[in-house]
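The chain contents come next:
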Amino acid sequence: MIHVIDRPRGVGGWLLLLSGLMRFGEPIHVAVILPAALTALPIRGTPLALVLLLRLAVAALGIAAGRALAGRHHGAVTMAKTTLGLSAAVAVFVYATPYFPNNRMPGDTPLYVAAALAYYGGWFAYLTLSRRVRDTYL
């Protein structure tokens, strides 16, 4: 008797984790940092307000992409990849510019940038290379 191994299909495993992080993780992260940023708004002014709006917009796109992944919608992978790229760009911008308040030690910024790029790049690579993603959405 020969056993045929079925390839993973559907939204499960790492794909389910990514969908959950996009739907809940990023919005929770924004909600946690928002109060401190809002207290700095009178001092930092318009640049901080624009960065906050940008972070909220990217978080909203992340929610939409996570829902699209979970619902197995056509174009969900492209939307998720785009959102991951935008999230990485916003993270690097926030870490590399003085507009957003932070408590990082001097010299730690490159580590934060590298960690953010590794995180978003890892998920981007997963969406690109995963057999489960290919079998579920293509």
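Computed from a prediction, not measured in an experiment: that's the story for all the values here.

Caption draft 1: Fine view of the nonpolar core. Formed by 19 residues in total, the largest nonpolar core has its most connected members in L15, M22, L69, L127, V133 and Y137. Going through the elements one at a time, α1 (13-44), α2 (46-70), α3 (76-96), α4 (109-129) and α5 (131-137) are the ones with two or more residues in this core. Ignoring anything within four residues of it in the chain, the contact list for L15 reads G10, L69, Y126, L127, R132, V133 and Y137. Counting 10 residues, the second largest nonpolar core, distinct from the first, contains I33, A37, V94 and F100.

Caption draft 2: A look at the side chain of R104. Position of R104 among the secondary structure elements: in the loop between α3 and α4. For R104, which is buried and forms no salt bridge, the nearest opposite charge comes from D108, at a distance of 7.3 Å. Separated by 3.0 Å, the side chain of R104 and the backbone oxygen of Y95 make a polar contact. Of note is the side chain of R104, whose polar atom sits 3.3 Å from the side chain of T109. Setting aside residues no more than four positions away along its own chain, R104 makes contact with V94, Y95, T109 and Y112.

Caption draft 3: Here's a closer look at α3. Under the 1.5 Å per step criterion, the end-to-end length of α3 is 30 Å for 21 residues, consistent within 8% with the ideal 30 Å. For α3, the complete set of buried residues consists of A76, V77, A80, T83, L84, S87, A88, V90, A91 and V94. At its buried positions, α3 is contacted by α1, α2, α4 and α5.

Caption draft 4: How the structure looks around the side chain of S130. Relative to the helices and strands, S130 resides in the loop between α4 and α5. Owing to a relative accessible area of 11%, S130 belongs among the buried residues under this scheme.

Caption draft 5: Main features of a nonpolar patch on the surface. Nonpolar side chains collect at one region of the surface, where F24, I28 and V32 lie side by side and expose about 330 Å² of accessible area between them. Mapped onto the elements, I28 comes out in helix α1. Looking at I28, the relative accessible area reads 54%, which means it is exposed.

Caption draft 6: Just the environment of A70, in detail. Mapped onto the fold, A70 is located in helix α2. C-alpha of A70 to C-alpha of G20: the two residues are 50 residues apart in sequence and 8.4 Å apart in space. Leave out the neighbours within four places in its chain, and A70 touches V11, S19, R23 and Y137.

Caption draft 7: Examining unusual backbone geometry more closely. One non-glycine residue, R72, lies in the positive phi region at around 55°. Along the chain, R72 falls in the loop between α2 and α3.

Cut-offs used in this document
Residues numbered from 1 in each chain as written. Predicted model: local features only at pLDDT ≥ 70, side-chain atom pairs only at ≥ 80, totals over all residues. Heavy atoms only, no water. Core = buried A, V, L, I, M, F, W, Y, C linked by side-chain atoms within 4.5 Å. Buried < 20%, exposed > 50% of the residue type's maximum accessible area, 1.4 Å probe, protein only. Helix = DSSP H or I, 4+ residues; strand = E, 2+ residues; numbered from the N terminus. Contact = heavy atoms within 4.5 Å. Lys, Arg positive; Asp, Glu negative; His and termini not counted. Salt bridge = Lys/Arg side-chain N within 4 Å of Asp/Glu carboxyl O. Polar contact = N/O pair within 3.5 Å; in protein donor to acceptor, adjacent residues only side chain to side chain. Expected span 1.5 Å × (residues − 1). Patch = residues over 30% accessible without salt bridge, like charges linked within 9 Å, V, L, I, M, F, W, Y side chains within 5 Å. Areas by Shrake-Rupley, 256 points an atom, 1.4 Å probe, with all protein chains shown as cover.

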